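Read off the chains here:
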Amino acid sequence: MKLADVPLYYDSAASRYDKRLKFWFGNVLRIESYRLRAVESLGDIEGSTVLDIGCGTGANFPLLVPRVGEQGRIIGIDYSEGMLEKARDKITNNSWNNIELYRDDASVIKNVDSPVDAIISTYCLGIVHDIENALNRAVGLLKPGGKIAILDFQRIYPEKGPIKYIFPVYRKLLQYYRIDSPEDLDNENLQKRWEIGESFLQNSLKDLSVQRFLFGMGIFITGRKE
């Protein structure tokens with residue numbers, strides 16, 4: 001997705017984003033357990049600073065807050081002000097006082113100056129306009145030994161399975177609710193982007209693990225900085 005398109009799509013989707021996320025990812029695709037696995041893969045992060053790239057409405061925050069503890073810190077970045085507004089509501093409603101939010105481009109991340117202990121990104125990097133720069137910047141911000149967990153889609157539709165047959169409806173809904181642009185729904189383009197992404201991470205991280213789920217549609221990547 002082009003950077004200028006992010007507010008056009010996600011600002012308008014923000015008001016109902018959590019309900020749609022719960023319905024599709026929780027009830028239909030049944031993949032929300034991978035979010036917990038992504039957080040758990042970061043290991044012991046108590047007292048740590050964790051960067052959430054593409055934090056959206058803050059879906060990862062309820063899982064991260066108890067793990068970083070009162071001495072820990074969470075930095076959430078997103079380019080959609082509408083999504084950040086919903087994330088701020090969650091922070092206020094839950095009285096979380098250790099989360100900072102910034103409107104930032106994932107390929108630049110200009111608002112984070114100091115290295116962080118861990119990084120998580122869920123369902124974001126696959127649509128970033130420059131995935132290689134985004135990954136390079138993320139790895140650059142990690143402290144030595146720091147861990148990163150990435151959860152995303154590497155295909156627009158699964159290779160097989162029952163979900164393959166409901167994809168045409170799913171695709172139309174994604175466009176109707178302006179969650180994804182036509183560019184994001186280009187299967188060949190998305191696969192090529194993640195080929196580039198995987199290659200970069202293979203050369204940049206130690207203990208790299210790449211798992212695929214949802215009949216090849218999802219990708220779960222973990223690793224650490226040497």
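So, a few notes on the structure that sits alongside this text. Quick caveat, the model's predicted, so the values are computed rather than measured. (Residues numbered from 1 in each chain as written. Predicted model: local features only at pLDDT ≥ 70, side-chain atom pairs only at ≥ 80, totals over all residues. Heavy atoms only, no water.)

On to the overall build of the chain. Helix and strand content of the chain: seven helices and seven strands. Start at the N end of the chain and walk to the C end: the helices and strands fall as α-α-β-α-β-α-β-β-α-β-α-α-β-β. Its C-alpha radius of gyration of 16 Å places the chain within 12% of the 17 Å reference for a compact globule of 226 residues. Based on the C-alpha atoms only, the size of the chain along its principal axes is roughly 45 × 40 × 30 Å. For the chain, buried positions account for 52% of its 226 residues. Contacts spanning at least 24 positions in sequence make up 75% of the contacts within the chain whose residues lie at least 6 apart. Positive and negative side-chain charges of the chain, numbering 30 and 31 respectively, have mean locations separated by a distance of 5 Å. (Helix = DSSP H or I, 4+ residues; strand = E, 2+ residues; numbered from the N terminus. Rg over C-alpha atoms; globule rule 2.2 N^0.38 Å. Buried < 20%, exposed > 50% of the residue type's maximum accessible area, 1.4 Å probe, protein only. Contact = heavy atoms within 4.5 Å. Lys, Arg positive; Asp, Glu negative; His and termini not counted. Charge placed at Lys NZ, Arg CZ, Asp CG, Glu CD.)

Following both chains from N to C, one finds helix α2 (residues 33-40) and helix α3 (residues 61-68) inclined at 25°, their axes separated by 10 Å at the closest point. One way to sum up the angle between α2 and α3 is to call them roughly parallel. For α2 against α3, the interelement crossing comes out right-handed. Of α3, the residues touching α2 (which contributes Arg35, Leu36, Val39 and Glu40) are Leu63, Leu64 and Arg67. A class-by-class count of the residues in the contact of α2 with α3 yields four nonpolar, no polar and three charged. (Axes fitted to C-alpha atoms, helices over the stretch in contact; angles between N-to-C directions. Parallel < 35°, antiparallel > 145°, perpendicular 65-115°, else oblique. Left-handed = near helix turned anticlockwise from the far one by under 90°. Nonpolar A, V, L, I, M, F, W, Y, C, P; charged D, E, K, R; others polar.)

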